[in-house]
Amino acid sequence: MFQERHALLPRETHDEAARYAFVSSLRKMFTVELFPGMRTVYQQRQLPAFEAKHGRAPNSVREASELMEKSAYYRGANIIGRAAQELLWDTVGESVERQLDTLDEAAKPRAGDLGTVRTNRDMEIPRYIDTVDIHVMPGNFHTELSSEDTYAGALYDRGVHVFSFGGLGPRNDGLGVAQAAFIKERFPDLKPRRILDMGCGPGFTTLPWKDAFPDAEVHGIDIGAPQIRYAHGRAEALGKAIHYSQQNAAATDFPDGYFDIVVSMLVTHECPQPVIRGIFKEAHRLLAPGGVTLHDGGGTMPHDPFDNLLMSWFGDNVNEPFSAGFKSLDYDKAFVEAGFDPGKIVRGTREPVYLKGQLPPINFIGAVKE
C-alpha cells in the first residue's frame, strides 16, 4: 500500500524506493513469519527436549531464554529483526536528510493556516526519553538538528509506513481510526467540544479525530519539537485544522476540565510506570465531567515463561525498555489512583483497520470522569 502524498512527505528517488521496498518486505517477513515461528520452534523442538531432560517445563524467563538461545532459528531471527530495524532508519534517514531544508521550509507556519503550532525552547526532556533511542530511531522523537527542524517527524512518518509494510494505511492512521471508531460506538451520545491526542508524534493518530468529530477543536501534543513542527505542516497540507503544541503529557498547560476526550496511542508502552500514572492523572484533571480518556494497553503479563520471553523481545532487541512494565501495570488501580471511579473504567478491543489477521486486536482501556 502506497503512502499518500502530501507537501511534507519526503520524496524518494528510484533507488530509495527500491530500498524502501526491500526493508518493508524484510520487516513483513520477520513480523508475519519469523517472529511467530519462534513459538513453533519452542513448542515442537526446544520444549520437548527440555522436558525429556528435566522432567518439567521451564519455570522462569531465564530458563526459557537459555533454552531458545540454543536454537539457530531463534538466534538468526533475532539478528534479522534487529538488522531490519537499523536498516529501516538508515534507509529512510538518508532520504529525509537529502531534502530536509525543503521540508523545514514547507512546515513553517503561515498566515491563513487552519490550525496552530507552538514549541517550547525551555522544555525539559525527561531522562527516560533523552537516554534511549526508542525503536532504535536515531535521536528518538525529540533531537533537533536546527532551529526549525522537522527531521524526527519526517523520519517517523515515512519510517512507520516502511516499518508496518504499509499496513497502517496510506496515512499511517489505522490505529487512530480504530480508536476514534471505538469511542463513537461506545459513547454514541458524546458530542465533544475539544479533543486532546497525547504523544501525537507526526500527527497520524490525531487527524482521525477531526474526521470523526469535525465540529470539535482537536489538539495534539508531543515532547518533541520536530514532531510538532512536522505534524502542523502535515495537517495543513492535508487540509485539517489541528492545534499542536510541544508539551509533556503528564504536565500540560491546559486549564482544568478543558477537554471532553483525552487519548493516547502507542505512547504508554514507551513510558515507565510512574509516567503512565502521571498521564492518567493529568487526563483526569483535563477532562470535563462526562468526558472520556482512552489508551491502548491494559493487558497483563503472561504467566508462561516463553510468553514472557516474547514480551521482552522488544526491550532486548529494538530499544523498548518499558514494554514489560507497560504490560504488568495494574491499570484499574492506576485509573483509580488518578481520580477515576472504579465503576467508570472502560475496556474493549477492536480489530486493526488495515492489518487484520497480521496483528492481534487492539486492547483499549480508559475511564469516564464523573
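Just above sits the structure.
Residues numbered from 1 in each chain as written. Predicted model: local features only at pLDDT ≥ 70, side-chain atom pairs only at ≥ 80, totals over all residues. Heavy atoms only, no water.

On to the packing of aromatic side chains. Enumeration according to the criterion identifies 18 aromatic pairs in this entry. Summarising the aromatic geometry, the rings of Phe254 and Phe259 are spaced 4.9 Å apart at their centres and angled 90° between planes, so their arrangement reads as edge-to-face. Using a relative accessible area of 7% as the deciding quantity, one classes Phe254 as buried. Overall, Phe259 belongs to the buried group, its relative accessible area being 0%. An aromatic cluster is built from Phe280, Phe326, Tyr331, Phe335 and Phe340, whose rings are joined through pairwise contacts. Sitting above the plane of the Phe163 ring, Arg27 keeps its charged end 3.7 Å from the centroid. (Phe/Tyr/Trp six-rings, centres within 6.5 Å; stacked < 30°, edge-to-face > 60°. Buried < 20%, exposed > 50% of the residue type's maximum accessible area, 1.4 Å probe, protein only. Lys NZ or Arg CZ within 6 Å of the ring centre and 35° of its normal.)

Below, the discussion takes up a nonpolar patch on the surface. Taken together, the side chains of Val177, Val353 and Tyr354 make up a nonpolar region of the molecular surface, amounting to roughly 200 Å² of accessible area. Here Val177 is to be found in helix H7 (residues 174–186). Residue Val177 is classed as partly exposed on the basis of its relative accessible area of 31%. (Patch = residues over 30% accessible without salt bridge, like charges linked within 9 Å, V, L, I, M, F, W, Y side chains within 5 Å. Areas by Shrake-Rupley, 256 points an atom, 1.4 Å probe, with all protein chains shown as cover. Salt bridge = Lys/Arg side-chain N within 4 Å of Asp/Glu carboxyl O. Helix = DSSP H or I, 4+ residues; strand = E, 2+ residues; numbered from the N terminus.)

Packed helices, taken two at a time, are described by the angle between their axes plus the distance between the axes. At a minimum axis separation of 9 Å, helix H1 (residues 14–54) and helix H3 (residues 72–98) run at an interaxial angle of 155°. Between H1 and H3, the interaxial angle falls into the category roughly antiparallel. The interaxial crossing formed by H1 with H3 has left-handed handedness. For the contact of H1 with H3, the per-class residue count stands at 17 nonpolar, six polar and seven charged. (Axes fitted to C-alpha atoms, helices over the stretch in contact; angles between N-to-C directions. Parallel < 35°, antiparallel > 145°, perpendicular 65-115°, else oblique. Left-handed = near helix turned anticlockwise from the far one by under 90°. Nonpolar A, V, L, I, M, F, W, Y, C, P; charged D, E, K, R; others polar.)

Spatial ordering of the open sheet is given by S1-S4-S3-S2-S5-S6-S8-S7, a layout of eight strands whose pairing is mixed. On the outer flanks of this sheet lie strand S1 (116–118) and strand S7 (345–350), each paired with one strand and no other. On average, adjacent strands in this sheet sit at an angle of 15° to one another, irrespective of strand direction. Where strand S2 (residues 194–198) lies against strand S5 (residues 259–264), four bridges are found, and the strand directions are parallel. Paired with Leu196 across the strands is Val262, a residue of S5. Along the sheet face, helix H13 (residues 331–338) touches strand S6 (287–296), S7 and strand S8 (362–368) and points at about 25° away from the line of S8. (Pairing = 2+ DSSP bridges. Contact = heavy atoms within 4.5 Å.)

Another aspect to go through is unusual backbone geometry. Most peptide bonds adopt trans geometry, and most residues besides glycine take a negative phi value. For His135, which is not glycine, the phi dihedral falls at a positive 65°. Position of His135 relative to the elements: it lies in the loop between helix H5 (127–130) and helix H6 (151–163). Judged by its relative accessible area of 11%, His135 falls in the buried class. Even without being glycine, Asn140 reaches a positive phi, approximately 55°. For Asn140, the position within the fold is in the loop between H5 and H6.

Evaluated as defined, the whole model comprises three cavities of 30 Å³ or more. Counted as a void, the largest cavity has a volume near 410 Å³. Contributing to the lining of the largest cavity are 26 residues, with Phe141, Gly199, Asp222, Val267 and Glu270 lying nearest its centre. Within the residue set of the lining of the largest cavity, elements represented by two or more residues are H5, strand S3 (217–222) and helix H10 (273–286). Taken together, the residues that form the lining of the largest cavity break down as 18 nonpolar, six polar and two charged. (1 Å grid on protein atoms, 1.4 Å probe; cavity = no way out; pocket = protein on both sides within 12 Å on 5 of 7 lines; lining within 4 Å. Points joined across faces, edges and corners; volume = space filled by probe spheres on them.)

Under the definition given, this model contains 22 salt bridges. With its nearest N and O atoms 3.8 Å apart, the salt bridge here joins Arg277 to Glu337. Placement of Arg277 in helix H10 and of Glu337 in helix H13 is noted, with a sequence separation of 60 residues between them. Using a relative accessible area of 31% as the deciding quantity, one classes Arg277 as partly exposed.

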